Amino acid sequence: MTLLPYDRYCDEILAQTDALRATIEGADLTATVPSCPDWNLRQLAVHVGGAHRWVGEIVRSRATEDIPEEKVPGFEGPGSDDPAALDAWLAEGAAAAVEALREAGPDAEVWTWAWERRTTFWARRMAHETVVHRADAALAAQVPYTVDPEVAADTIDEWLRIVSFAQEGGDPEADELRGGGRSLHLHATDVPGAEWLIEFGEDRFTWRHDHEKATVALRGPLTDLMLVFNRRLEPTSERVEVFGDAELLDFWLDRSSFG
């Protein structure tokens, strides 16, 4: 599948972090995050900022193996509970990560946990990590959430690739996403051509951008499809429609919930 340009991913890390900062500004940082109930809003923000710093260190050092979190400067968060310190810490971490990514370029070899060991993987992963966790923050702060259609579509593409990688690697839940004759169709109602067909083969699932009748179809605005697919919006929400075998959609969401 076609990726977004490398520079676009770098731009999105900054833009999504700025939007995350705006979301939590003035919010109750002790509020529980509904979609990540083990975290409050401050812990969510520290998770995102820590990920930025971790990836920045991997890229900057051209790491050939995983870097332990305790060896990443500033990973634990700002040294103060002051919301202004958290805001500055988030901005600094994103800027440093993007500086490292831009300096390295898209094809530098670095350690990743995934199917490719290039900086392109990390630029894309950090962009979408921030996109999805910004949705978590919006839920906790009870504010509206929107995302650019190209970014929302690529978030779905990337998540499908991650689930496929998990299945290839023998993840027990992802391994159950197979069984011939069943399929899942995602259809964005507000963006022409934004459609996905996921087919359950005997050994694994495959997917492509296509419009075909499926065992179950999920229809709605593209942002909402992305949120359902990332388990940030319930498929029973009035913002989307489910046609056909709703249990198959629930099965997919349950078995792809390891991220």
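Residues numbered from 1 in each chain as written. Predicted model: local features only at pLDDT ≥ 70, side-chain atom pairs only at ≥ 80, totals over all residues. Heavy atoms only, no water.

J.: Teacher, can you tell me more about the overall build of the protein chain here?
T.: In terms of regular secondary structure, the protein chain is built from 7 helices and 7 strands. For the protein chain, the N- to C-terminal ordering of α and β elements is α-β-β-α-α-α-α-β-β-β-β-α-β-α. Rg of the C-alpha trace for the protein chain: 18 Å, near the compact-globule value of 18 Å for 259 residues, within the 12% margin. Projected onto its principal axes, the C-alpha positions of the protein chain cover 55 × 40 × 35 Å. Looking at the 259 residues of the protein chain, the share that counts as buried comes to 52%. Sequence-distant contacts in the protein chain: of pairs separated by 6 or more residues, those separated by 24 or more amount to 65%. (Helix = DSSP H or I, 4+ residues; strand = E, 2+ residues; numbered from the N terminus. Rg over C-alpha atoms; globule rule 2.2 N^0.38 Å. Buried < 20%, exposed > 50% of the residue type's maximum accessible area, 1.4 Å probe, protein only. Contact = heavy atoms within 4.5 Å.)

J.: Sorry if this is basic, but what is going on with the packing of helix α1 (residues 6-24) against helix α2 (residues 41-60) here?
T.: Running from N to C, α1 and α2 point in directions that differ by 165°, and their axes come no closer than 11 Å. As far as their axial angle goes, α2 and α1 are roughly antiparallel. Between α1 and α2 lies a crossing whose hand is left-handed. The residues of α2 that touch α1, namely those facing Ile13, Thr17, Leu20 and Ile24, are Leu41, Ala45, Val48 and His52. Per-class residue counts for the contact of α1 with α2 are 6 nonpolar, 2 polar and no charged. (Axes fitted to C-alpha atoms, helices over the stretch in contact; angles between N-to-C directions. Parallel < 35°, antiparallel > 145°, perpendicular 65-115°, else oblique. Left-handed = near helix turned anticlockwise from the far one by under 90°. Nonpolar A, V, L, I, M, F, W, Y, C, P; charged D, E, K, R; others polar.)

J.: How do you make sense of helix α7 (residues 246-255) when you look at a structure like this?
T.: It helps to recall that an α-helix has 3.6 residues per turn; residues three or four apart then point in one direction. Along α7, the residues classified as buried are Leu248, Leu249, Phe251, Trp252, Leu253 and Arg255. Looking at where α7 begins, the residue whose side-chain oxygen comes 3.1 Å from the main-chain nitrogen of Glu247 is Asp245. (Polar contact = N/O pair within 3.5 Å; in protein donor to acceptor, adjacent residues only side chain to side chain.)

J.: What am I meant to see in the packing of α2 against helix α4 (residues 119-141) here?
T.: Close contact between α2 and α4 brings their axes to 10 Å; oriented N to C, the two are set at 175°. Comparing the axis directions of α2 and α4 gives the class roughly antiparallel. Contacts between α2 and α4 pair Leu41, Leu44, His47, Val48, Ala51, His52, Trp54, Val55, Ile58 and Val59 from the former with Thr119, Trp122, Met126, Glu129, Thr130, His133, Asp136, Ala137 and Ala140 from the latter. Considered class by class, the residues forming the contact of α2 with α4 number 12 nonpolar, 5 polar and 2 charged.

J.: Explain a negative patch on the surface here, please?
T.: Taken together, the side chains of Glu65, Asp66, Glu69, Glu70 and Glu76 present a region of like negative charge at the surface. Assignment of secondary structure puts Asp66 in the loop between α2 and α3 (83-104). For Asp66, a relative accessible area of 41% corresponds to the partly exposed category. (Patch = residues over 30% accessible without salt bridge, like charges linked within 9 Å, V, L, I, M, F, W, Y side chains within 5 Å. Areas by Shrake-Rupley, 256 points an atom, 1.4 Å probe, with all protein chains shown as cover. Salt bridge = Lys/Arg side-chain N within 4 Å of Asp/Glu carboxyl O. Lys, Arg positive; Asp, Glu negative; His and termini not counted. Charge placed at Lys NZ, Arg CZ, Asp CG, Glu CD.)

J.: I'm lost on the domain arrangement of the protein chain in this one. Help?
T.: Domain parsing of the protein chain yields domain 1 (6-141) and domain 2 (156-256). On a C-alpha basis, the centres of domain 1 and domain 2 stand 26 Å from each other. The interface of domain 1 with domain 2 comprises 14 residues on the first partner and 9 residues on the second. A combined buried area of about 1,000 Å² lies between domain 1 and domain 2, and 68% of that area is made up of carbon and sulfur atoms. One salt bridge in this structure joins Arg125 and Glu158, with 2.7 Å as the shortest N-O distance. Where domain 1 meets domain 2, there are 2 residue pairs in polar contact (both at pLDDT 80 or more). Residues belonging to the side of domain 1 that touches domain 2 are distributed by class as follows: 8 nonpolar, 3 polar and 3 charged. (Domains from an automatic or database assignment. Buried area = accessible area lost by both parts, 1.4 Å probe.)

J.: Quick question: what am I supposed to make of the environment of Ala63 here?
T.: Along the chain, Ala63 falls in the loop between α2 and α3. Taking C-alpha positions, Ala63 is 8.4 Å from Glu109, a pair spaced 46 residues apart along the chain. Discounting chain neighbours no more than four positions away, the residues touching Ala63 are Ile58, Val110 and Trp111.

J.: I would appreciate a short explanation of the UniProt feature "domain: MDMPI C-terminal" (unreviewed entry) in the protein chain in the present structure.
T.: If you check UniProt for "domain: MDMPI C-terminal" (unreviewed entry), the listed places come out as residues 150-250 in our numbering. Across residues 150-250 one finds 32% helix and 26% strand; the C-alpha atoms that close the span lie 25 Å apart. (UniProt positions renumbered as here; feature names shortened; annotations may be inferred.)

J.: Looking at this structure, I do not really get the environment of His133. What am I missing?
T.: You can see His133 is positioned in helix α4. Under the relative-accessibility criterion, His133 is labelled buried at 8%. Considering only alpha carbons, one finds His133 and Val48, 85 residues apart in sequence, at a separation of 7.4 Å.

J.: It is not clear to me how the pattern of salt bridges should be interpreted in this structure. Could you clarify?
T.: Two side chains with opposite charge may pair up if their charged atoms get near one another. Tallied over the full model, the rule gives 25 salt bridges. Across the salt bridge formed by Arg204 and Glu168, the nearest N and O atoms sit 3.5 Å from each other. Here the residue Arg204 occupies a position in the loop between β4 (195-200) and β5 (205-208), and Glu168 occupies one in helix α5 (residues 149-168), the gap between them amounting to 36 residues. Overall, Glu168 belongs to the partly exposed group, its relative accessible area being 45%. One salt bridge in this structure joins Asp210 and Arg208, with 3.0 Å as the shortest N-O distance. For Asp210, a relative accessible area of 28% translates into the label partly exposed. By relative accessible area, which is 28% here, Arg208 ends up partly exposed.

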